[in-house]
Amino acid sequence: MKIPKRGNIYSANECYSEGWDENFKKYLKTLKTGTGETGQRYTQRYIGSMVGDVHRTLMYGGIFCCPADSEVHHKGNLQLVYKSAPMAYILKHAGGKSSNGEVNLLAVPPKHVHERSPCFMGSPDDMDELMKYIGKNAEKST
């Protein structure tokens, strides 16, 4: 099974969006308005089940996002060891990519079993575009 190189669906629980990083919000705005690299608008689909959302991403391409926020989930909401990393492993072997916003999720050494982490995963081209906004070398908003 191979994930498409790019999709047109993004998945994120936007009820926490007021606390998200400004650069991540800029990225989502490009998806919503069609001003990103593809020039097309993405559709938002979020069912609230990581497995279901990531399965759709795997089948049709796009990106699944569960970022940290400044209000409730300061370190992210998904557990690294038994949620984010296993799904990142599956996507990696299907040709996808994952990140905690800085490094590949599979490169993060867990400090404890229930540790939470921001989680981004999906099609390789969508992930590359996202990392231009939020990665280590991204231009930071002031």
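See above for the structure.
Since the model is a prediction, treat every value here as computed from it, not as a measurement.

### Structural notes on the packing of helix 2 (residues 50-60) against helix 3 (residues 80-93)
In step 1: With their axes 11 Å apart at the nearest point, helix 2 and helix 3 run at an angle of 15° to one another. When the interaxial angle is binned, helix 2 and helix 3 end up roughly parallel. When the axes of helix 2 and helix 3 are compared, the crossing they make is right-handed. Residue-level inspection shows M50, V51, V54 and L58 of helix 2 in contact with helix 3, the latter providing K83, S84, M87, I90 and L91.
In step 2: Of the residues in the contact of helix 2 with helix 3, the class split is seven nonpolar, one polar and one charged.

### Side note on the pattern of salt bridges
Opposite charge on two side chains permits pairing when their charged atoms draw close.
In step 1: This model, assessed by the stated rule, comprises nine salt bridges.
In step 2: Across the pair D125 and K5 runs a salt bridge, and its minimum N-O distance is 3.8 Å. Residue D125 is found in helix 4 (residues 124-134), and its partner K5 is found in the segment before strand 1 (9-11); the two are separated by 120 residues along the sequence.
In step 3: Owing to a relative accessible area of 56%, K5 belongs among the exposed residues under this scheme.
In step 4: D53 is the salt-bridge partner of R56, the closest N and O atoms lying 2.9 Å from each other.

### Focus: the sheet that holds strand 2 (residues 43-44)
In step 1: If you trace the five strands from one edge of the open sheet to the other, you get 2-1-3-7-5, paired in mixed fashion. Of all the strands in the sheet, the pair left with one neighbour each is strand 2 and strand 5 (97-99).
In step 2: Bridge analysis of strand 1 against strand 3 (residues 63-66) gives two bridges, and the strand direction is parallel. Counterpart to S11 in the pairing with strand 3 is F64.

### Considerations on the nonpolar core
Here is a general trend for soluble globular proteins: nonpolar side chains tend to be buried in one another's company.
In step 1: By size, the foremost hydrophobic cluster in this structure holds 17 residues, and its most contacted members are M50, V54, F64, L78, L105, C119 and M121.
In step 2: Per element, the largest residue contribution to this core is five residues, and it comes from helix 3.
In step 3: Sequence-distant contacts of L105, that is, excluding residues within four places in its chain, are made with L80, S84, A88, S98, S99, N100, S117, P118, C119, F120 and M121.
In step 4: Listed in part, the 14 residues of the second largest apolar core include F24, Y27, C65 and M127.

### Quick look at the layout of surface pockets
In step 1: The calculated volume of the largest pocket comes to roughly 310 Å³.
In step 2: Taken together, 11 residues form the lining of the largest pocket, with A68, N100, G101, P118 and F120 sitting closest to its centre.
In step 3: Considering only residue class, the lining of the largest pocket consists of six nonpolar, two polar and three charged.
In step 4: Taken as a whole, the second largest pocket encloses approximately 170 Å³ of empty space.
In step 5: Considering the residues around the second largest pocket, the lining is formed by 16 residues, among which N13, Y46, C65, C66 and N77 are closest to the centre.
In step 6: When residues of the lining of the second largest pocket are traced back to their parent elements, those giving at least two are helix 2 and strand 3.
In step 7: In terms of residue class, the lining of the second largest pocket is built from nine nonpolar, five polar and two charged.

The rules behind the values
Within each chain, residues carry numbers counting from 1 in the order of the written sequence. Local features in this predicted model are restricted to residues whose pLDDT is 70 or higher, and side-chain atom pairs enter the listing and the counts only when it is 80 or higher, whereas totals over whole chains, interfaces and linings include all residues. As a convention, hydrogens and water are excluded, and side-chain values are obtained from all of the structure's heavy atoms. Whenever a helix is involved, its axis is fitted only over the stretch in contact; in every case the axis is a line through C-alpha atoms, and angles between N-to-C directions fall within 0 to 180 degrees. Under the scheme used here, helices are H or I runs from DSSP no shorter than 4 residues and strands are E runs no shorter than 2 residues, and both carry numbers assigned from the N terminus. Roughly parallel here means an angle under 35 degrees, roughly antiparallel means over 145, roughly perpendicular means 65 to 115, and every remaining angle is called oblique. Note: crossing handedness is left-handed where the near helix turns anticlockwise from the far helix by less than a right angle, and right-handed where it turns clockwise. Contact definition: two residues touch when any of their heavy atoms are within 4.5 Å. In this classification, the charged set is Asp, Glu, Lys and Arg, the nonpolar set is Ala, Val, Leu, Ile, Met, Phe, Trp, Tyr, Cys and Pro, and all remaining amino acids, among them Gly, are polar. Salt bridge, as used here, is a side-chain nitrogen of Lys or Arg placed within 4 Å of a carboxyl oxygen of Asp or Glu. Remark: exposure states derive from per-residue accessible area (1.4 Å probe, protein chains only) relative to the maximum for the residue type, with buried under 20%, exposed over 50%, and partly exposed in between. Pairing between strands is defined by DSSP: at least two bridges between the two strands are required. In plain words, nonpolar cores are sets of buried Ala, Val, Leu, Ile, Met, Phe, Trp, Tyr and Cys residues tied together by side-chain atoms within 4.5 Å. Here a cavity denotes grid points, spaced 1 Å and computed from the protein atoms alone, that fit a 1.4 Å probe unable to get out, and a pocket denotes an open set having protein on both sides within 12 Å along at least 5 of 7 lines; residues with an atom within 4 Å of a point are the lining. Grid points are joined across faces, edges and corners, and a volume is the space filled by probe spheres set on the points.

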